[in-house]
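Understanding the architecture of this molecule
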Amino acid sequence: SKAGTPTMGGVLILLSILVSTLLWANLTNAYIWIVLLIVTGYGCIGFVDDYLMLIKKQNQGLSAKTKFFAQAALALLAGFLLYLNPDFDTRVTLPFFKHISPDLGLGYIVFAVLVIVGTSNAVNLTDGLDGLAIGPVTIAATTYMIFAYVAGHARIAEYLQITPVAGCGEIAVYCGALAGAGLGFLWFNAYPAQVFMGDVGSLSLGAALGAVAVITKQEILLVLVGGLFVVETLSVIFQVGFFKLTHGRRIFKMAPLHHHFELKGWPEPKVIVRFWIIAIALALVALSTLKLR
Ligand code: 57M
């Protein structure tokens, strides 16, 4: 029933993010260029993938291997650029524990790659029902807008005892651009969708959230803020693992998880809105870590 719905709406999301950030962020800030590199680079990977499938009418876009290597290479570059910044802290922040923050040193680059590539693919897996990905992406971007502002403000960061990151307040502008672009897209992607975002949108938005989590030093918290993406991804991992182990049996009617509920008979809008409710609740719990520690 969805055949014929235009896709690659992610191009519009990206343009909106780029224009807003270039207009309103401080362009002498290195973090801004790193997040722009990530969102544009992953957008290009997604664009090529969509282009091959839609316009060239190939059955498959980029191979999984090529896509993964391109994603990893870009994330590696971003991780390396962050590592080169003498002010950047290679300790990882653990939510709820203010005194435990393991220093990964050079290993932080690999950690950043895992966060960015993982989030990119998790958002891509979630993007299978109208508004299901863009809603939680917008919620997560708004949450990180607050974290970025707080971490970039020395006095507030000290008061809340969170890791201060000099210059990261500018990332709040970028998160605002992500959230605004997300809301604008949701207008048209809301059920019944007039447009899908395509890989150009899902891969780049996921990577953008991963990069923001790394820069604001709230990396592990992304598991909570983006909990919905994590659960969708785990549903696929468990489903495929169980299927292989048991030679054909399944845990869910179908993975990713949203298909399971659809097959149980929930109407599509019900699955979507309930998943949004969970995303909002998780974002609120994540925000509570500013005080609960
Ligand atoms: C992309 N793409 C959507 C749209 C969107 C390993 C396996 C879990 C992989 C997974 C997969 O291929 N995931 C990646 C999912 C597709 O949406 C397009 O893709 C873009 C995002 N990359 O922007 O352009 C379809 O999703 C629907 N859609 C909407 N509204 C939206 O706003 O309705 C998307 C956005 C669209 C549209 O129908 O065409 C997708 O789902 O294909 N594979 C799966 O998800 C498949 N699961 C599966 O095979 N499960 C097995 C495995 C895990 C063992 C199982 O459980 O047994 C499902 N894919 C589909 N139908 N299409 C199966 C059911």
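Along each chain, residue indices are assigned from 1 in the same order as the chain's sequence is written. Local features in this predicted model are restricted to residues whose pLDDT is 70 or higher, and side-chain atom pairs enter the listing and the counts only when it is 80 or higher, whereas totals over whole chains, interfaces and linings include all residues. Water and hydrogen atoms were dropped before computing side-chain values, which therefore reflect all heavy atoms in the structure.

When helices and strands are counted, the chain shows twelve helices and zero strands. Helix and strand labels come from DSSP, where a helix needs a run of H or I of at least four residues and a strand needs a run of E of at least two; each type is numbered from the N terminus. When the elements of the chain are put in sequence order from the N terminus, they spell out α-α-α-α-α-α-α-α-α-α-α-α. Atoms counted for the radius of gyration: C-alpha only. Globule rule: 2.2 Å times residue count to the power 0.38. On C-alpha atoms alone, the chain measures out to a radius of gyration of 19 Å, which is about the 19 Å that the 2.2 N^0.38 rule sets for 293 residues. By principal-axis analysis of the C-alpha atoms, the chain measures approximately 55 × 40 × 35 Å. Looking at the chain as a whole, 49% of its 293 residues are labelled buried. Note on areas: Shrake-Rupley with a 1.4 Å probe; residue coverage comes only from the protein chains shown. Carbon and sulfur atoms make up 70% of the accessible area of the chain, which amounts to about 13,900 Å² in all. Relative accessibility under 20% of the residue-type maximum defines a buried residue, over 50% an exposed one, and the middle range a partly exposed one, all with a 1.4 Å probe and only protein chains included.

Attention now moves to the site of the ligand. What surrounds the ligand is a group of 23 residues, the closest being Asn124, Asp127, Gly198, Asp199 and Ala255. About the coverage of the ligand: the protein hides 65% of its 1,100 Å² of free accessible area. Looking at the shell around the ligand, the elements with two or more residues in it are α4 (107–126), α8 (198–215) and α10 (227–245). For this scheme, ten residues count as nonpolar: Ala, Val, Leu, Ile, Met, Phe, Trp, Tyr, Cys and Pro. Four count as charged, namely Asp, Glu, Lys and Arg, and the remainder, Gly too, count as polar. Its residues placed into classes, the shell around the ligand shows nine nonpolar, nine polar and five charged. When at least one non-hydrogen atom of a residue lies within 4 Å of a molecule or strand, that residue is treated as near it.

Time to look at the side chain of His258. Residue position: His258 is located in helix α11 (residues 257–263). Among the polar contacts made by the side chain of His258, one reaches the side chain of Glu232 at a distance of 2.8 Å. With residues near it in sequence (within four places) discarded, His258 still touches Leu125, Thr126, Gly128, Leu129, Leu132, Glu232, Val271 and Phe275. Here a polar contact is recorded for every N or O atom pair within 3.5 Å, except that within protein the pair must consist of a potential hydrogen donor and a potential acceptor, and residues adjacent in sequence are included only if both atoms are side-chain atoms. Here, two residues are considered to be in contact whenever any of their heavy atoms come within 4.5 Å of each other.

Here, expected helix span is obtained from the residue count minus one, scaled by 1.5 Å. Taking 1.5 Å per residue as the helical rise, helix α2 (residues 30–54) with its 25 residues ought to reach 36 Å, and the 36 Å between its terminal C-alpha atoms agrees with that figure. The backbone nitrogen of Tyr31 has a side-chain oxygen 2.8 Å away, supplied by the residue at the start of α2, namely Asn29.

Another aspect to go through is the packing of aromatic side chains. Here the distance between the centres and the angle between the planes together describe a pair of aromatic rings. Pairs were defined over the aromatic rings of Phe, Tyr and Trp, the Trp ring being its six-membered one, requiring ring centres within 6.5 Å. Orientation was assigned from the angle between planes: stacked under 30 degrees, edge-to-face over 60, tilted for the rest. Taken as a whole and judged by the stated rule, the model has eight aromatic pairs. Consider the rings of Tyr31 and Phe88, whose centres lie 6.3 Å apart with planes at 65°: the pair is edge-to-face. With Tyr31 in helix α2 and Phe88 in the loop between α3 (64–84) and α4, the pair connects residues that are 57 residues apart, well separated along the chain. Across this residue pair, the class does not change: Tyr31 and Phe88 are buried.

A few words on the packing of helix α5 (residues 134–152) against helix α7 (residues 170–189). The interhelical angle for the contact between α5 and α7, taken along N-to-C directions, is 160°, at an axis separation of 8 Å. Taken together, the axis directions place α5 and α7 in an arrangement best described as roughly antiparallel. Crossing of α5 over α7 shows left-handed handedness. Note on element contacts: α7 touches α5 through Ile171, Ala172, Cys175, Gly176, Leu178, Ala179, Gly182, Leu183, Phe185, Leu186 and Asn189, opposite Ile134, Thr138, Ala141, Thr142, Tyr144, Met145, Ala148 and Tyr149. Here the contact of α5 with α7 is composed, by residue class, of 14 nonpolar, five polar and no charged. Note on definitions: angles span 0 to 180 degrees between N-to-C directions of axes, and those axes are lines fitted to C-alpha atoms, for helices only across the stretch in contact. Working definition: roughly parallel below 35 degrees, roughly antiparallel above 145 degrees, roughly perpendicular at 65 to 115 degrees, and oblique for all remaining angles. In this scheme the crossing of two helices becomes right-handed for a clockwise turn of the near helix relative to the far one and left-handed for an anticlockwise turn of less than a right angle.

Between helix α1 (residues 10–24) and α2, whose axes approach to 11 Å, the crossing angle comes to 165°. In terms of axis orientation, α1 runs roughly antiparallel to α2. Considering how the two elements wind past one another, α1 and α2 form a crossing that is left-handed. Residue-level inspection shows Val11, Leu14, Leu18, Thr21 and Leu22 of α1 in contact with α2, the latter providing Ile32, Trp33, Leu36, Val39, Thr40, Gly43 and Phe47. Here the contact of α1 with α2 is composed, by residue class, of nine nonpolar, three polar and no charged.

What follows is about the pattern of salt bridges. The rule for a salt bridge is simple: a side-chain nitrogen of Lys or Arg has to be within 4 Å of a carboxyl oxygen of Asp or Glu. A complete count under the given rule lists six salt bridges for this structure. Of the charged contacts, one joins Lys2 and Glu268 as a salt bridge, the two residues approaching to 2.7 Å between their closest N and O atoms. Within this pair, whereas Lys2 is found in the segment before α1, its partner Glu268 is found in helix α12 (residues 268–288), the two being separated by 266 residues in sequence. Given a relative accessible area of 29%, Lys2 falls into the partly exposed group.

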